[in-house]
Amino acid sequence: GIDMWHKYDRKFRRTEPNFQYVYMRLYRFLQDRTNKNINRIVLKRLFMRKTNRPPMYLRVARFLKEVKRVTVLVVRTVTGDIRLLQVPKMTLCALHVTDRVRQHMIKAGGKVLPPSKKTLLIQGKRNASVAHKHFGKVPGVPHSNTRTNVCSKGRKIERASG
């Protein structure tokens, strides 16, 4: 007979985390009861692992053209950025906002709210972590910006002689 090899048949995907937050229950309820696409997207992003939910910096808001007309929705922590001198007036909805960002936004005339209509859903760059800087071409070859996987950067460790 034919020997069936079922080693790679099952593909594991994370459908939901072990711990259920209040927001997960709320958005699962909203997804089941309404046919709004935003509820499904927010629930999917709540299910993501921490590595796929990078923090957003408030500096990104200055690139958004329609930030005054809509609510910016972020399913992650929003942190401050010292490079941003003037915080624009905007309405923000996020899972967590640092105290400094909240103070800057209130001072600029903005608000931190729960989700509402006319929301602009944005997310952070997923490959911006330090771990992703080690992926790519081999370190040392031309046009390679990849970091080496060494614990030390001393005189004798992975240094060219020339």
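Residues numbered from 1 in each chain as written. Predicted model: local features only at pLDDT ≥ 70, side-chain atom pairs only at ≥ 80, totals over all residues. Heavy atoms only, no water.

Novice: Sorry, what's going on with the packing of aromatic side chains here?
Specialist: Remark: the centre distance and the inter-plane angle together describe each pair of aromatic rings, the angle taken between the planes. Counted under the stated rule, the structure contains one aromatic pair. On the basis of an interplanar angle of 85 degrees and a centroid distance of 5.0 Å, the ring pair of Phe-19 and Tyr-21 is categorised as edge-to-face. For Phe-19, a relative accessible area of 56% translates into the label exposed. Residue Tyr-21 is classed as partly exposed on the basis of its relative accessible area of 47%. (Phe/Tyr/Trp six-rings, centres within 6.5 Å; stacked < 30°, edge-to-face > 60°. Buried < 20%, exposed > 50% of the residue type's maximum accessible area, 1.4 Å probe, protein only.)

Novice: Whenever I open this one, a nonpolar patch on the surface confuses me. Can you help?
Specialist: A surface patch of nonpolar side chains, about 520 Å² in accessible area, is lined by Phe-19, Tyr-21, Tyr-23, Leu-26 and Leu-95. Its place among the elements puts Tyr-21 in the segment before helix H1 (22-33). (Patch = residues over 30% accessible without salt bridge, like charges linked within 9 Å, V, L, I, M, F, W, Y side chains within 5 Å. Areas by Shrake-Rupley, 256 points an atom, 1.4 Å probe, with all protein chains shown as cover. Salt bridge = Lys/Arg side-chain N within 4 Å of Asp/Glu carboxyl O. Helix = DSSP H or I, 4+ residues; strand = E, 2+ residues; numbered from the N terminus.)

Novice: Just checking my understanding: could you explain the confidence of the model for the protein chain for this structure?
Specialist: Where the model shows low pLDDT, its predicted coordinates should not be examined in detail. Put simply, the protein chain has an average pLDDT of 82, and 91% of its residues get 70 or more. Ranking the helices and strands of the protein chain by mean pLDDT puts H1 first, with 89, and strand E5 (residues 119-122) last, with 82. (pLDDT = per-residue confidence, 0-100.)

Novice: So what exactly am I meant to see when it comes to the side chain of Asp-81 here?
Specialist: Checked against the element boundaries, Asp-81 lands in the loop between strand E2 (71-79) and strand E3 (91-97). Looking at Asp-81, the relative accessible area reads 16%, which means it is buried. Filtering out sequence-adjacent residues up to four positions away, Asp-81 remains in contact with Tyr-57 and Arg-59. (Contact = heavy atoms within 4.5 Å.)

Novice: Explain the nonpolar core to me, please; I cannot follow it from the model alone.
Specialist: The tendency in soluble globular proteins is for nonpolar side chains to be buried side by side. Ranked by internal contacts, the top residues of the largest apolar core, which has 15 residues, are Leu-58, Val-72, Val-74, Val-78, Leu-92 and Met-105. Of all elements in the fold, only E2, E3 and helix H3 (99-108) reach the threshold of two or more residues within this core. Discounting residues that sit within four places of it in the chain, Met-105 has contacts with Leu-58, Val-87, Met-90, Leu-92, Gly-110, Lys-111 and Val-112. (Core = buried A, V, L, I, M, F, W, Y, C linked by side-chain atoms within 4.5 Å.)

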